[in-house]
Amino acid sequence: MQYEELKKLKSGTDVRGVAVEGERAVTLTDCAVELIVKAFIKWLSDRYGKRKFKIAIGNDSRISSDRIVNCAKDALISSGCDVVYTGLSSTPSMFILLKKSGWDADASIMVTASHLPYDRNGLKFFTKEGGLDGKDVDEILKIAAEGGELKGCGSYEEKSFMDTYSAILVETVECACGKLPLKGKKIIVDAGNGAGGFFAEKVLKPLGADVSGSQFLEPDGYFPNHIPNPEDKAAMSSLQSAVIKSGADLGIIFDTDVDRAGIVDRYGNEINRNRLIALVSAILLREKPGTIVTDSVTSDGLTEFIESLGGKHLRYKRGYKNVIDKCKELNADGEYSPLAIETSGHAAFKKNYYLDDGAYLITKILICLAREKDGISSLISELKEPCEEDEVRITFNGNSVDFKTEGARIIEDLKAIAARDTNMILSPVNYEGVRINFHEGGWLLVRMSVHDPVMPINFESNRKGGNVKAAKTLLKILEGYPFLELNNLKIFTS
């Protein structure tokens, strides 16, 4: 396979593609999996100066997992690797096992496509240092295109890590709160038929919680009930209804591979995005003041809330790896930063290897739930929330447009226009795109998608109709660029 063909499978720091024949042609083929996995081992050899590796491989509940795992297993064994297949696993567990004695694995591979539809799948790679970044994946794909591989004959065994991983989570809560801290609490889990069903039986029950009313715990790679995604409105609505119906103290929802999570309080209120960030920030900043690193689309009210707790808010770039890397950088430079968190629900704690782990995130909330007599929502009662939040995505017309160059030009033009317009204020600190504040309250952020010819625009307003007014102002400016497809923005403003 050619590099350009393989590069189409890159998705940020992962490899992802169509894995089930149907409306779309399969792109994550047996050949692609074999080449990429063999290239990963060659990449490991080049990086660490070794030829023999022990590799753990696991998967979520997708229907294509068996095929891809078998392809990867054969590629690993023929590369001389000793393979440990962990079966149904969460993505965070595939990194944590690299840190545990008795496993002695050098690296791991998780077969997952996160929250994407059932016909997609992918590969996520870990070393003991953490998940690979985008440059690492580029290097692996180049090696794959060149047919790079090691030759050998390895071994194979099957051994689940999920019981051990669950016990680690239970111990985390017990160390903070004692035995059975959730006795008398009713907590329900919605796993969306992904890999997160273990949390009810293996974490919550041992902590004393009543988990009756939990739903969609059984793995089913067709995801027949709803998409396992805390950002999906239908998924969150389903959990809210279940919490109210069962009279639960807390509802928990995981994405397919459990690296993200969201919650619903006992009143059926969604605690997600800015509210989830505020809650976790409140928990951590009570322990020790520090800097909370988030992505670029968080609210001004969140900044005020974090600062009111004695913390600092660093609004950085979109992309969970970006916020994690920035958090690491701050700590390395001596500035304490306990949390890197995206509005999507990716949350990485300094105390947990900077790993975005939805289950670990929930353990921190469970500790709070066990301690707070007034409920967890009381911690964010002072959070000022915007009247309106919206996102509109516009695209570029035609394949001939150099969207990266033109997108960068548009952003620079917007900066210049905002600097001259008395109704606009350029955000003094901004790491992505252009963020424009308005005197009457609210803001908009225009940025470029990292990989696609898409320009997402986020709006926030403190008054009703403010987002549409800001969008109309922006539309007049963007109509001067004929290569932009503005239908979504026109519909929003109509």
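## Overview of the overall build of the chain
Counting secondary structure elements, the chain contains 15 helices and 22 strands. Here the chain has a C-alpha radius of gyration of 23 Å; the compact-globule value for 494 residues is 23 Å, and the two agree. For the chain, the spread of C-alpha atoms along the principal axes amounts to about 70 × 60 × 45 Å. Residues classed as buried in the chain amount to 58% of the 494 residues present. Residue pairs at least 24 apart in sequence account for 69% of intrachain contacts in the chain once pairs closer than 6 positions are excluded.

## Considerations on empty space enclosed by the protein
Evaluated as defined, the whole model comprises one cavity of 30 Å³ or more. The wall of the largest cavity is formed by L284, Y336, P338, F349, K350, K351, Y360 and K364. When its residues are assigned to classes, the lining of the largest cavity shows five nonpolar, no polar and three charged.

## What to know about a nonpolar patch on the surface
Taken together, the side chains of I63, Y118 and Y222 present a nonpolar region at the surface, about 290 Å² in accessible area. With respect to the secondary-structure elements, Y222 resides in the loop between α7 (198–204) and α8 (233–246). Owing to a relative accessible area of 52%, Y222 belongs among the exposed residues under this scheme.

## A look at the sheet that holds strand β11 (residues 261–265)
Across the sheet, four strands lie side by side as β9-β10-β11-β12; this open sheet has mixed pairing. The open sheet has two free edges, formed respectively by β9 (187–190) and β12 (270–271), since each of these has just one partner strand. Of the strands in this sheet, β9, β10 (250–254) and β11 are in contact with helix α12 (residues 358–371), which crosses β10 at around 170 degrees.

## Description of the sheet that holds strand β14 (residues 312–315)
One open sheet holds the four strands; their spatial order is β14-β13-β15-β16, and the pairing between them is mixed. Strands at the two margins of the open sheet, each flanked by one partner only, are β14 and β16 (347–349). Neighbouring strand axes in the sheet, compared pairwise and without regard to direction, differ in orientation by 20 degrees on average. The pairing of strand β13 (residues 291–294) with strand β15 (residues 339–341) spans three bridges and is parallel. Residue pairing for β15: I292 is matched across the bridge by L339.

## Quick word on the layout of surface pockets
Rolling a probe over the atoms, with the probe sized like a water molecule, indicates the empty space that remains. What the second largest pocket holds in volume is close to 310 Å³. Taken together, 22 residues make up the lining of the second largest pocket; nearest its centre are E129, G130, G131, K321 and K328. Those elements that place two or more of their residues in the lining of the second largest pocket are α2 (30–48), β6 (120–127), β7 (130–131) and α11 (320–332). Sorting elements by how many residues they give to the lining of the second largest pocket places α11 first, with five residues.

## Brief notes about the packing of helix α9 (residues 274–287) against α12
Across the interface, α9 lies against α12 with an axial gap of 11 Å and an inter-helix angle of 65 degrees. Of the possible angle classes, the one that applies to α9 and α12 is roughly perpendicular. Between α9 and α12 lies a crossing whose hand is left-handed. Here L276, L279, V280, I283, L284 and E287 of α9 come into contact with α12, specifically with L361, K364, I365 and C368. By residue class, the composition of the contact of α9 with α12 is eight nonpolar, no polar and two charged.

## Things to note about the packing of α9 against helix α10 (residues 300–308)
Contact geometry for α9 and α10: axes closest at 10 Å, N-to-C directions at 10 degrees. Relative to α10, the element α9 lies roughly parallel. Contacts between α9 and α10 involve N274, I277, A278, S281, A282 and L285 on the former and, on the latter, L302, F305 and I306. Looking at side-chain class alone, the contact of α9 with α10 contains seven nonpolar, two polar and no charged residues.

## Thoughts on helix α3 (residues 65–78)
Note that an α-helix has 3.6 residues per turn; residues three or four places apart therefore point the same way. Here α3 contains 14 residues, and its C-alpha end-to-end distance of 20 Å stays within 8% of the 20 Å for a straight helix at 1.5 Å per residue. The set of residues buried in α3 consists of S65, I68, V69, C71, A72, K73, A75, L76 and I77. Where α3 is buried, its residues touch α2, β3 (54–59), β4 (82–88), β5 (107–111), β6 and β8 (156–158). After α3 finishes, the residue G80 shows a positive phi value of roughly 90 degrees.

## Remarks on the packing of aromatic side chains
Per the stated rule, a full pass over the model turns up 16 aromatic pairs. A centroid spacing of 4.5 Å and a plane angle of 40 degrees characterise the contact between F40 and F125, whose relative ring orientation is tilted. Highlighted residues: F40 in helix α2 and F125 in strand β6, separated in sequence by 85 residues. With respect to burial, F40 and F125 carry one shared label: buried.

## Details of the pairing of strand β20 (residues 443–446)
Burial along β20 is two-sided: the face carrying W443 and L445 and the face carrying L444 and V446 are both buried. The pairing of strand β19 (residues 434–438) with β20 spans four bridges and is antiparallel. Residue pairing for β20: V434 is matched across the bridge by V446. Hairpin remark: β19 followed by β20, antiparallel, with four residues in the connecting loop; positive phi at G441, about 105 degrees.

Here is what the cut-offs are and how they apply
- Residues numbered from 1 in each chain as written.
- Predicted model: local features only at pLDDT ≥ 70, side-chain atom pairs only at ≥ 80, totals over all residues.
- Heavy atoms only, no water.
- Helix = DSSP H or I, 4+ residues; strand = E, 2+ residues; numbered from the N terminus.
- Rg over C-alpha atoms; globule rule 2.2 N^0.38 Å.
- Buried < 20%, exposed > 50% of the residue type's maximum accessible area, 1.4 Å probe, protein only.
- Contact = heavy atoms within 4.5 Å.
- 1 Å grid on protein atoms, 1.4 Å probe; cavity = no way out; pocket = protein on both sides within 12 Å on 5 of 7 lines; lining within 4 Å.
- Points joined across faces, edges and corners; volume = space filled by probe spheres on them.
- Nonpolar A, V, L, I, M, F, W, Y, C, P; charged D, E, K, R; others polar.
- Patch = residues over 30% accessible without salt bridge, like charges linked within 9 Å, V, L, I, M, F, W, Y side chains within 5 Å.
- Areas by Shrake-Rupley, 256 points an atom, 1.4 Å probe, with all protein chains shown as cover.
- Salt bridge = Lys/Arg side-chain N within 4 Å of Asp/Glu carboxyl O.
- Pairing = 2+ DSSP bridges.
- Axes fitted to C-alpha atoms, helices over the stretch in contact; angles between N-to-C directions.
- Parallel < 35°, antiparallel > 145°, perpendicular 65-115°, else oblique.
- Left-handed = near helix turned anticlockwise from the far one by under 90°.
- Expected span 1.5 Å × (residues − 1).
- Phe/Tyr/Trp six-rings, centres within 6.5 Å; stacked < 30°, edge-to-face > 60°.

Honestly, that's just the spatial picture; any functional story needs more than this.
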